[in-house]
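Observations on the model geometry
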Protein chains: 2
Amino acid sequence: MAISSASTTHVASTAEEEAYAYLQQALRFGRYKPGDRLIPEEIATEIGMSRMPVREAFRRLAADGLVTLRPNRGCVVAGLTLDELNETFEIRSVLEGLAVRIVMPRLTLESFEDLDRLLLRMERAGEAGSSDWVLRHQEFHAYLYGMSGRPKLIRQIAALHVAIEPYMRIWFDYIDKPLSAREEHQNLIDALKSGDSAKAERVMQEHVLFTAPLLADFASPSRR
Amino acid sequence: MAISSASTTHVASTAEEEAYAYLQQALRFGRYKPGDRLIPEEIATEIGMSRMPVREAFRRLAADGLVTLRPNRGCVVAGLTLDELNETFEIRSVLEGLAVRIVMPRLTLESFEDLDRLLLRMERAGEAGSSDWVLRHQEFHAYLYGMSGRPKLIRQIAALHVAIEPYMRIWFDYIDKPLSAREEHQNLIDALKSGDSAKAERVMQEHVLFTAPLLADFASPSRR
DNA sequence: GTTTGGATAAGTGGATACAAAAATCCAGCG
DNA sequence: CGCTGGATTTTTGTATCCACTTATCCAAAC
């Protein structure tokens, strides 16, 4: 089979890439809290470079929606308010629905074996803790969308997953073990197997929207 | 009424913003051709600043998908291949469909008057040339989506519009006057008036996908 | 006539320096 | 006791400089 690891370990050929990778990782794992101010100087010395590449990494993170950049007042970690969280799930639902619709006719028997395996991995990771489970969950979805052959779509979806990742972690830690997750994803696989792409799209949309209200309690307070 | 101008004229409080605005404008209007290399030094002197803010503007443009940034080999204008153009329209169709679904229950009689006015403006601009028409067309769509109250969705859609803008221009110049455009948009308004949000969503999806094949001839050659 | 290699030029990435802006602190005032 | 305003400190934005990578050009070899 051909399940590549979904973990985003990039070899940094430039300092900027290193800074970006470092900060993205830190943000994804919730090492900084929303509203925290990121001071270029500090981070630069932390990873042994000057402020410049860090600044440029900030811009990329801002484009991903992970931080907010305001002229002359630096870089703050961008938590999602309840509205933004909901909006993100709305967007995810249509994008991932589209991905499923596209991917459907491309799925082979082998793909389904892969998906089963990934689902199994996800379940097992569920017992370990949020850190593993969230990654495996992303891996499952990433594999599916990867088959679509739509690079832009894939990147957009991945970016949204990264943005909500900290909230997924908190959520998972809080509820301990999402019993419904297994069933949810099995449903999805069944819909894919049915061959009815309209149905699969709908099921995926519902699957995505299913999670949103569960995370509501962990949203950041609205700003300003 | 409350139709704000859709033109993206930003007051640049920093040099970086100025560089970004300048370059985005230039790229949107097709002043550079896909594949062209953008040299920080040149642009910097062109608008009277050093390379640094220009470099940072590059990153933002890259996030918008307007340029491509490769380590140690600079910044090139990122034309869309046929596949990418199609993909962009696919994504647009679901995002703008979603926007319409959300916006539907918020539309008032006044909104419809505004939309009629905007449609009229668009038609009149059609006689002037692609430059005006494309802006008015964006204005029409922007107004509609603006009512959704979904900032992220609005930004994403706007970004996609910007990315395809040069192609819309070329297309419009080529065919001179899109007779079907009026009918298309009137259709859309009718669907919105019907109050059936599922229908409106579908009509919007079709409206977006309708344009894609028309632009196919103007796609950039695939790279590499 | 085309290919190869290497000198030279051009360009990029990053560090440092400096000016301008914002945040902080503190004293005096109400 | 809180507020105001100004000096001080911190941080940001930009310019400049240097090291290193990549591109260009030209001559010699096949």
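This section reports on the structure supplied with the text.

Conventions used here
- Residues numbered from 1 in each chain as written.
- Chains lettered and ligands numbered in written order.
- Predicted model: local features only at pLDDT ≥ 70, side-chain atom pairs only at ≥ 80, totals over all residues.
- Heavy atoms only, no water.
- Near = heavy atom within 4 Å.
- Polar contact = N/O pair within 3.5 Å; in protein donor to acceptor, adjacent residues only side chain to side chain.
- Helix = DSSP H or I, 4+ residues; strand = E, 2+ residues; numbered from the N terminus.
- Nonpolar A, V, L, I, M, F, W, Y, C, P; charged D, E, K, R; others polar.
- Least-squares fit on C-alpha atoms with pLDDT ≥ 70 in both.
- Contact = heavy atoms within 4.5 Å.
- 1 Å grid on protein atoms, 1.4 Å probe; cavity = no way out; pocket = protein on both sides within 12 Å on 5 of 7 lines; lining within 4 Å.
- Points joined across faces, edges and corners; volume = space filled by probe spheres on them.
- Domains from an automatic or database assignment.

1. Remarks on the protein's contact with DNA strand C
Surveying the vicinity of DNA strand C reveals 18 residues, the closest of which are Ala15, Ser50 and Met52 of chain A together with Arg37 and Pro40 of chain B. Arg51 of chain B places a polar side-chain atom, nitrogen or oxygen, 3.2 Å from a base oxygen of DNA strand C. Mapped onto the surface near DNA strand C, the elements with two or more residues apiece are helix 1 (15-28) and helix 3 (51-63) of chain A together with helix 3 (51-63) of chain B. Grouping the amino acids of the surface near DNA strand C by side-chain chemistry returns 8 nonpolar, 5 polar and 5 charged.

2. What to know about the relation of the copies chain A and chain B
Relative to chain B, chain A is turned by 180 degrees and slid 0.0 Å along the rotation axis, the superposed coordinates differing by an RMSD of 0.1 Å. Viewed as a symmetry operation, the transformation between the two copies matches a two-fold axis. Interface overlap between copies: 100% of the residues of chain A at the interface are likewise at the interface in chain B, consistent with a symmetric, same-surface contact.

3. Side note on the layout of surface pockets
Residues and elements named next belong to chain A. The space that makes up the second largest pocket amounts to roughly 330 Å³. The class makeup of the residues in the lining of the second largest pocket is 13 nonpolar, 4 polar and 3 charged. When we break the lining of the second largest pocket down by domain, the ones giving at least three residues each are domain 1 (15-77) and domain 2 (82-218).

4. What to know about the protein's contact with DNA strand D
Not every one of the 19 residues close to DNA strand D is listed here, only the nearest: Arg55 and Asn72 of chain A together with Ala15, Ser50 and Met52 of chain B. When the atoms of DNA strand D within 4 Å of the protein are grouped by moiety, sugar and phosphate amount to 65% of the total. Between Arg55 of chain A and DNA strand D, the recorded distance is 3.0 Å, taken from a side-chain N or O atom to a phosphate oxygen. Ser50 of chain B is positioned with one of its backbone polar atoms (N or O) 2.5 Å from a phosphate oxygen of DNA strand D.

Everything listed is a geometric property; what it means functionally is a separate question.
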